[in-house]
Amino acid sequence: MDTIKAVSSAPGKTILFGEHSVVYSPNVAVATALSSLRIRSVVEASQAGGDRNGGGMIEANLRDVKEGGLGCRLRCCDVLELELWADEEAEGGLVPLGEEKISQIRKLVKEKGGVGEEEDVTPLVPLVALVGGVLGKKEWLERRNVKITVHSKSLPVGSGLGSSAAFCVSLSAALLSVREGGGEGVEAVPGREELEKINTWGYHGESIIHGAPSGIDNTVSTYGGCVKMRRVLHEGGAGSTEKEIFKLEEPIEVLITNTFVPKSTKGLVAGVRRRWEGERGVYEAIFKAMSEISESFLRGGWTLEGMNENVRVAQGLLRTIGVSHPALEMVVETSRVYGVESKLTGAGGGGCAISILHKKVDEETRQKVEKAMGGLAWEGEGEGGRERRTFEVVRTEAGGRGVTVGSW
Ligand SMILES: Nc1ncnc2c1ncn2[C@@H]1O[C@H](COP(=O)(O)OP(=O)(O)OP(=O)(O)O)[C@@H](O)[C@H]1O
Ligand SMILES: C[C@@](O)(CCO)CC(=O)[O-]
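Predicted model only: the values in this text are computed from it and were never measured.

Thresholds, definitions, all that
Residues numbered from 1 in each chain as written. Chains lettered and ligands numbered in written order. Predicted model: local features only at pLDDT ≥ 70, side-chain atom pairs only at ≥ 80, totals over all residues. Heavy atoms only, no water. Helix = DSSP H or I, 4+ residues; strand = E, 2+ residues; numbered from the N terminus. Buried < 20%, exposed > 50% of the residue type's maximum accessible area, 1.4 Å probe, protein only. Salt bridge = Lys/Arg side-chain N within 4 Å of Asp/Glu carboxyl O. UniProt positions renumbered as here; feature names shortened; annotations may be inferred. Near = heavy atom within 4 Å. Polar contact = N/O pair within 3.5 Å; in protein donor to acceptor, adjacent residues only side chain to side chain. Areas by Shrake-Rupley, 256 points an atom, 1.4 Å probe, with all protein chains shown as cover. Nonpolar A, V, L, I, M, F, W, Y, C, P; charged D, E, K, R; others polar. Domains from an automatic or database assignment.

**So, the side chain of Thr396**
Now for step 1: Within the element layout of this structure, Thr396 appears in strand S13 (residues 392–397).
Now for step 2: Residue classification places Thr396 among the buried residues on the basis of a relative accessible area of 11%.

**A few points about the pattern of salt bridges**
Now for step 1: Applying the stated criterion to the full structure yields 34 salt bridges.
Now for step 2: Of the charged contacts in the structure, one is a salt bridge between Lys197 and Glu88, with a shortest N-O distance of 4.0 Å. In this pair, Lys197 is assigned in helix H6 (residues 192–210) and Glu88 in the loop between helix H1 (76–81) and helix H2 (98–111), connecting sequence segments 109 residues apart.
Now for step 3: With a relative accessible area of 10%, Glu88 lands in the buried category.
Now for step 4: Among the salt bridges present, the one from Glu363 reaches Arg395, with a minimum N-O distance of 2.6 Å. With Glu363 in helix H12 (residues 363–374) and Arg395 in strand S13, this residue pair connects regions lying 32 residues apart in the sequence.

**Comments concerning the UniProt feature "domain: GHMP kinase C-terminal" (unreviewed entry) in the chain**
Now for step 1: The UniProt record annotates "domain: GHMP kinase C-terminal" (unreviewed entry) at residues 314–372.
Now for step 2: Between the end C-alpha atoms of residues 314–372 there is a gap of 22 Å, over a span that is 49% helix and 14% strand.

**Notes on the site of ligand 1**
Now for step 1: Contacts to ligand 1 come from 22 residues, most closely from Lys13, Gly162, Ser163, His210 and Thr265.
Now for step 2: The backbone of Ser159 places a nitrogen or oxygen atom 3.3 Å from an oxygen atom of ligand 1.
Now for step 3: Between an oxygen atom of ligand 1 and a main-chain N or O atom of Gly160, the distance comes to 3.2 Å.
Now for step 4: Look at ligand 1: alone it shows 640 Å² of surface, and the protein chains cover 91% of it.
Now for step 5: When residues of the shell around ligand 1 are assigned to their parent elements, the largest contribution, 3 residues, is made by helix H5 (residues 163–179).
Now for step 6: Grouping the constituent residues of the shell around ligand 1 by class yields 9 nonpolar, 10 polar and 3 charged.
Now for step 7: Here the shell around ligand 1 spans two domains, and each of domain 1 (4–246 + 402–406) and domain 2 (253–397) adds at least three residues to it.

What follows is the structure in structure tokens.
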């Protein structure tokens, strides 16, 4: 049996409008890929030589998730025992794993994978779930060694740019490709059916990291370009998503400012839900206003003044629902000096802010804003006591390629 290899990469994203409100049906959000910021996964499967225990091994190496990387080795038979395999084409789709299965995976990674720290276990849980889910048919996995390497240098982890979704999407794509016998030649955009499968598995992985995400992050990472999305609730409580994928009519340049203030998407989404449960009427009105901004953006034709007003209101609403941070507000205040409004992007609470550069903003101003943002730093009380975070700015075009798959 030859070694089967696949390599895949998936982009991060920026939510232009509608983060948080999109979790609640039927509010619309609009997001674009950031195709130059990517996570790359390499998966190799070879015949198991039969170790002392008579079976193959899964070896994972997450290169950039922490300094020095993060590794783990597990026996295939231990993963098989968890019965994670699932058919993405089954009626009703993939069933979410549930708390019990997730704790079983955590226990396995900790006790048999030799990973001591709880926080190191966390990124390995979706990895094991995806390997077991996609490749975990007994007759397939018990005869293989599987080696996984994930590179994510260009996309900052946990900063609001969809690193968790890009990780799950790129890994799913490489695993699916290996299951089908490996990629062909250079990396290319998969066909429609493959994209649908990758997105389904990407969401499965995202749900392990985030609980019940809207699905916008994995969708934009899979399909690239620009995505309009809303959740739809059906009778009996079941839900689905409606998505439209398109290319922006005119290219949009954005400035992404990373404050490096750490945040947890899961915690922020849970916090908004708690407050929504307390004041449903008020929160639903706010979500509706956020959704209206997304719809207005999609109708097009915003002037510079219109863009600034909508971004200012969007950030104001996000602040009102409690997901801004003083470091993000520094970005907002600074860009305003140059006539450019900014808002947080993604879950907020730290992470990144985005400044959408309207075509009327001239090159000189773009450079001035970029320079001003790069010169900022936030000092305050963090989890580990007094801290100082120096900001970094990336100027890039919104949109571009989604997931790609190939071999080498
Ligand atoms: N390259 C990676 N390798 C492994 N796990 C990753 C990687 N990138 C992200 N993750 C997982 O995703 C978590 C970060 O997810 P989180 O949602 O907080 O950030 P984000 O996806 O960058 O931001 P947002 O959801 O606001 O866009 C990490 O703690 C880790 O578990
Ligand atoms: C905050 C949120 O709206 C976006 C996170 O990138 C959560 C979600 O959509 O699942």
